[in-house]
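Report on the structure
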Amino acid sequence: MSLKVKKDANRPMHRDEVSKWQWTWKEMKKNKTAYFMLAPFFILFIVFTVLPVFLSIIFSLTDFNMLQMPNWKGLTNYTRLFVEDEIFMLAIQNTIIFACVTGPVSYLLSLLVAWFVNELPPKIRAVVTLVFYAPSISGQVYLIWSTLFSSDAYGWANATLMKLGIITDPILWFQDANYVMPLCIVVALWTSLGTSFLAFIAGFQIVDRSMYEAAAVDGIKNRWQELWYITLPTMRPQMMFGAVLAITNSFGFGGVVTALCGFPSVDYAAHTIMHHLDDYGGSRYEIGYASAIAVVLFIIMFGSNILVKKALSKVGE
Amino acid sequence: MKRSMFHKVVCLILSVTFILSTFVIGASAGQYKENSTSSTLEEMKALVGTSSYEDYMADYGDTVNPSGLAPIIIPVTEFIANNGDVEITKDSEHYANSLTDHPDSWVNFGDNAETTVYLSTVNNDKKASSASWNFTVTKDMVGLYYLQIEYYNCKTSQSSVSAIQRKLMIDDKVPFAEVRSITFDKHWSYNNFTVSDPVVVTDTVEKTTTTYDQNENGYFKYVTEIYRDESDGKMKKVVTTYHITQDINGNSMAPVASESSEWSTYICSDESGYYDGYFNFYIAEGTHTLTLEAEREPVIIKSIQFRPATSVESTTPSYQEYLNTHASAQKADGGIITLEAEFPYFVSDSSVAASNDNTSAITYPITPKAQLFNVIGETGFGTVGQWAAYKFTVNKTGMYNLSMRYKQSALEGMFICRAIKLAGGNEYKYGLADGSPTAPFIEAYNARFDYSKDWQSDYVGSYVDGKKQVFEFFFEEGEEYTLYIECALGDLKDYIRTVETSLANLNEAYLKILQYTGTDPDVNQNYKFHEKLPEVLLALLQEAQTLTLVADNLQDLCGTNGAHIATLDTVARVLYTMGKDNGVKIAENLSTFKSHLGTIGTWINSSKQGSMMIDSISVVPVETNEKLPYAKANFFQSIWFEIRSFIYSFFTNYEQMGLTSIPEEGSNTIDVWLAMGRDQSQIWRSMIDAEDGFTKTYGKAVALKLVTGGTLLPSILSGKGPDVYLGLGSADVINYAIRDAVVGVNGNDPHLSEEDNKVFCNYVYEDSAGNVYYEKDALSNADAASRGLKLVSTAFDQLVADNYAPAAMRTLTIYSPDNAGKPEGQRDVTYGIPMTMSFAMMFYRMDILAELNQEVPETWDQLLEILPIFQANNMDIGVAYISALDFMMYQMGGGMWKYTDTDLYDSKYAGAKIDLDSDIALEAFEFVCRLYTDYSFPVSFNTANRFRTGEMPITIGDYASIYNTLVVYATDIAGTWEFGSLPGSIDRKTGKINYDSLAGVSATVILNSCDNMLAAWQFLQWQTSAKVQATYANRIVALIGPAAKYESANINAVMDMSWTSKEKEAIMEQMNHLNAIVNYPGSYIYSRYMQFAFLDVYNDDANAHDSMMSYIDAINAEIARKREEFGLWVPGTDGIEEPPIKSGASD
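Residues numbered from 1 in each chain as written. Chains lettered and ligands numbered in written order. Predicted model: local features only at pLDDT ≥ 70, side-chain atom pairs only at ≥ 80, totals over all residues.

A few points about the sheet that holds strand β8 (residues 182-184) of chain B
Residues and elements named next belong to chain B.
- If you walk across this open sheet you meet the 5 strands as β2-β5-β18-β7-β8, and the pairing is antiparallel. Each edge of the open sheet is held by one strand with a lone partner, namely β2 (79-81) and β8. With direction set aside, neighbouring strand axes in the sheet form an average angle of 30°.
- Pairing of strand β7 (residues 164-170) with strand β18 (residues 286-296), which is carried by 6 bridges, proceeds in the antiparallel orientation. Paired with Lys167 across the bridge in β18 is Glu293. (Pairing = 2+ DSSP bridges. Helix = DSSP H or I, 4+ residues; strand = E, 2+ residues; numbered from the N terminus. Axes fitted to C-alpha atoms, helices over the stretch in contact; angles between N-to-C directions.)

Overview of the environment of A:Asp267
- Checked against the element boundaries, A:Asp267 lands in the loop between α13 (255-261) and α14 (273-283).
- Once the C-alpha coordinates of A:Asp267 and A:Val180 are considered, the two residues, 87 residues apart in sequence, prove to be 10.0 Å apart.
- When residues no more than four places from it in sequence are discounted, the contact partners of A:Asp267 are A:Ala177 and B:Phe1092. (Contact = placed C-beta atoms within 7 Å.)

Considerations on the environment of B:Tyr274
All names here are of chain B.
- By the secondary structure assignment, Tyr274 is in the loop between β16 (263-267) and β17 (281-283).
- Counting along the chain gives 683 residues from Tyr274 to Gly957, while the straight-line C-alpha distance between them is 34 Å.
- If sequence neighbours within four positions are ignored, Tyr274 has contacts with Leu489, Lys493 and Arg497.

Some points on the interface of chain A and chain B
- Listed as interface residues are 23 residues of chain A and, on the opposing side, 24 residues of chain B.
- Ranked by residue count, the leading element in the side of chain A that touches chain B is helix α7 (residues 156-163) of chain A, at 3 residues.
- Classifying every residue of the side of chain A that touches chain B by side-chain character gives 11 nonpolar, 6 polar and 6 charged. (Nonpolar A, V, L, I, M, F, W, Y, C, P; charged D, E, K, R; others polar.)

Comments concerning unusual backbone geometry
- The peptide bond linking A:Phe263 to A:Pro264 adopts the cis configuration, its omega dihedral lying at -5°.
- With respect to the element layout, A:Pro264 can be found in the loop between α13 and α14.
- Residues B:Tyr364 and B:Pro365 are joined by a peptide bond in cis, for which omega reads -15°.
- For A:Tyr268, which is not glycine, the phi dihedral falls at a positive 55°.
- Structurally, A:Tyr268 can be placed in the loop between α13 and α14.
- For A:Tyr268, a count of 20 C-beta atoms within 10 Å puts it in the buried group. (Buried ≥ 20, exposed ≤ 12 C-beta atoms within 10 Å, placed from the backbone.)

Concerning the packing of helix α7 (residues 493-517) of chain B against helix α11 (residues 586-608) of chain B
All names here are of chain B.
- Interhelical geometry of α7 versus α11 gives an angle of 155° and a closest axis separation of 10 Å. Judged on the interaxial angle alone, α11 and α7 are roughly antiparallel. Between α7 and α11 lies a crossing whose hand is left-handed. Of α11, the residues touching α7 (which contributes Ile496, Val499, Glu500, Leu503, Leu506, Asn507, Tyr510, Ile513 and Thr517) are Ile586, Ala587, Leu590, Phe593, Lys594, Leu597, Ile600, Gly601, Trp603, Ile604, Ser607 and Lys608. (Parallel < 35°, antiparallel > 145°, perpendicular 65-115°, else oblique. Left-handed = near helix turned anticlockwise from the far one by under 90°.)

Concerning the environment of B:Tyr190
- In this fold, B:Tyr190 is placed in strand β9 (residues 187-190).
- Through-space distance from the C-alpha of B:Tyr190 to that of B:Ser961 is 32 Å; in sequence the pair is 771 residues apart.

Observations concerning the sheet that holds strand β24 (residues 387-393) of chain B
All names here are of chain B.
- Spatially, 7 strands are ordered β15-β9-β21-β24-β32-β26-β27 in an open sheet, and the strand pairing comes out antiparallel. Each end of this open sheet is capped by a strand with a single partner; those strands are β15 (257-260) and β27 (447-449).
- Sheet topology note: the β9/strand β21 (residues 346-347) ladder contains 2 bridges and is antiparallel. Residue pairing across strands places Ser189 opposite Phe346, the latter belonging to β21.

Here's what the structure looks like:
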């Protein structure tokens, strides 16, 4: 029952007249210069990002071990992951605690600090921006925390506490299940004022001054209202960018924990999904299983992205 | 409530058991090891009590020798062999037979038949050998003497690269600390030259010229000598060509310095550079015994003499006297003779070597494309006593200057000194009769080289009253001179010695404060130092003053106040702050003080190690028209060179470093990968290519590739892996092995063909036609010869039995599931040959133990007995809990895995469960936990730092890494520490004391992509053989220095390395007490849970037993999971929970 349309050579093709693919192809031909310019990035993106994601989905259904031909295992890896693997449950729990604390806190912190910094005169602002941004650009600088909280009796924290008579024996800060998680969260927050913070500062700069004047005329009462109704909605793209970064950082915060607490952390106290992935992919050569973990992590991140997007659309309403 | 009650009861029971068990241990604690290698308390006290030469001279220095004193000649052949292996050499033939390893070094012996004595390093029991001589001194012979020994640096099976060292004792006592270890130098020379046949020339003047050339074939030095042949009166020319070869990319390759055996004269003098001239010994009336105890290297001795004392001042003229002697000599003119420093004729030891420096565009030779050798002394040429010697001939008799183009930028603001010594000459002779060099005048001990960030080109001279005095030397036409440039402390020596004394005093002060206040003194408490420790306050203030004075004087000498000298001022300020006001600031500054002690140690060290790079040395006629070589490149030269360097840096192939030809792809070329440093890779490369190297011996090429760590796994995945990989950790070996990525090398690998397996478990012979024969047992030499066969490969079993500790092999072996059908004994598959082996040993401070009057502990009980005494003095014992958890279990007779006893269980069950829940394992675990909880061992600490300051007089850890750290980091305590085997525990199974340490192994493996098993197996044998390993170890020490001791797994190689005899004894003893944790599938899991269990106990005071038990299920589950993956037996399979004990196994 398809409706035949009379073809008129002079009439431009209409969107409804052709299949979706044909239409896309036509549009691509029309904009080939743009696609050509996009190609270098796009090819790299496909090869190094999209393809690995698909590969790991495939690997997660096998028992690949890096050295031998993989065997097809179906969903075994996933059932094992969710049914048998207690440490994975612990890892999810840790990851969620970690992400829920560091993600929003670091996000709000970045936003607040950016807002305050933005209020400063330009010259001072440049200096203060650098001060806040420095921890995240100087790579391994978080290692000063391991000096600060060294397990040695000569470590700063231990030496001070011992001097004050609060403790008699040194505390193994990063090897004590009671301290590991809070300490790691503190370090994570300290290093998190990174790229998203810069993006926020940039965001604050682009807000049109005339909007504030217009708003003042329209009856904005205080700075909070100004922030909520004018500033934040204007800089929604930057906020989205910052949020995505905060999510990926808080889920992927593995290396710093390993550097500070060793691998694995004592009693798996700071064992996140990333660590679990490393554990299986690295020391046990179970790439298939590790891929399954990676897929789960991917889904969690993807899901939280959607949530955040939804939440952000409420800003200013 | 109930639970805590239960806990209490358990605790009570456990503590009672524990107390009882300590009684059991205590009862047997009196047992001492037989033949212990550790020093006894007596020895340690003697060591600490030995006075310095300064004190010795204070006692005897005023002795006036009677005139006409004759030397005391000790008859060398009338020796007393205290501890084995001292022989009179009969003649060269005798040695050629008894020491066949290096027959070539015995050629010289004909003249000295039956008059010389051979002193070995170790006797047959591996103990240091020692020999004594008696001599009698009558009343009229009493006086001061210096000691002279004629020796020959022979090469025997006990030789290595290190210098010959002996402990000198007179009447069983070291007369003064400086001769505790005396060193006889060896001669090293580069045999990289050829001499042409003489050709008749038309020249009429005798002349020697030196030219240099750098081209695509290498870097050459030509010495052309035109001379009149006395026999036929014709003028002839001889060219000597010295050659530094280069690799395919044009990089210079290090010529191999080889030891040349020669007769030399040793005169006992100060090796640290503090005292000029010879050491004087006071010989009293009566009969004395002179003892030489071996420390390093065998030696042959021709004569020992005590010669009447003379001082340097009385034998060496002053510069003015020297000039007066040559007042009539004319000032020479003509051209400058330039000697490129990278071509030394002799060097004192093999670390004095040429190297590359591309920091100046006019250093000769230089290219931006590659690294050419153009300097000497960049590293390894700064220690007092090291020298490089150069030969030259001048064409006109007269006075000459010396000049050098050098860069001395090591220590900001500080000058360094070199001694200039000469040998040779005809009418005016330099040096001793036997050809050893002497300083021509006293000032030559003191040639000064100033600091500059850039290259300098200047005359050699010393400073007089702040003004430089350039030396003039008298040389005769046509005579060959040898110029020695020797590292010396010169003007610095008094200052360094003063600072060294200061450091000793300050260390003492620090320990006293520490014993009084503890490591963390309360800032607010008034310790009343002026009442309790007045001497410490005095010492602090005194040393503050001393250091300030030294800094001021040095500043005057140098003319500037560089960072190096300023260090002393900084320290002095802290000392002053601490010492003043009755020491109220001591508590506050204690940790700063501690770190400053380290700073002073480093200061002394670096001041002594004054190194400089030398590009060239010029012999300059005083009235020459030519200019000295330029110091710096001009702006355009520099910028052009930099630009080209930058561009070429994109094209340098570092993988090919040291490659002399690109090996063809093919089955006769073995692909070898290693993930080490470039130095290491280059040494392997040159050893493979050497005359007696792998390629020449086996006729197979090797493509050696330097890769970064972690490259191996992806390369196997992509099928581009090597044939052989060097230095894979044992855990990885097993990981790869269970996934079939590496090949079993003991002939049992089920994945290899019959043909391939035959290669490993048989002796392989080859006839001249290239046919291969496999023999189960080795053929006798005669048998092989009659069949025309040559042995090309040894069977695995023999190789292992000869060279490795059984423990080392265990870590590389697994029971293979695919071999299940085979009989017991053919199932184990070993997946590599051990290359390095590390294990823990105990390091101890002899001076502190002696001071506290304690023997070196040999058991843990003795150690715990000492502990209260240590702790009363605020000292600790250091051992890492992770390693203690492991070795304690093995010492007590436990093991990591269940069902490993093949007498009781079928081997398919081995390793199916963890044995940490056994009684012994739990007892060991509790004991270790108690060390850290009840006995307060520190859990986290900096070993080297605390050991150096004396806070941790006993520390346990990997022997080579601690040794390497201490050797460079803690030079101020050199000689006061030793290491020995671990303290032992009672083995709960045998009741004997068990001293076991656990071996960690890295191995050389063959990858499964290898297509020529025989070639790869041959390479493995060659690479891990004792000779090659020892050579490698010695060369790496020669190149990098004493801190680069390599932990070869080959026992025979360790014996040939440059450890002292005492160190060797200790290492060998521990090697006899080694165990290892076998790797079964899932072995990665236990260490983390043991750590968790320990931390629970330490952090949360959990019960040790319960805490360990709570993890057992998790460990077993993981092991079972992993075993299932590889199709191995797990509990529950076939309905069997507990493996059956074999029928016929006796209990």
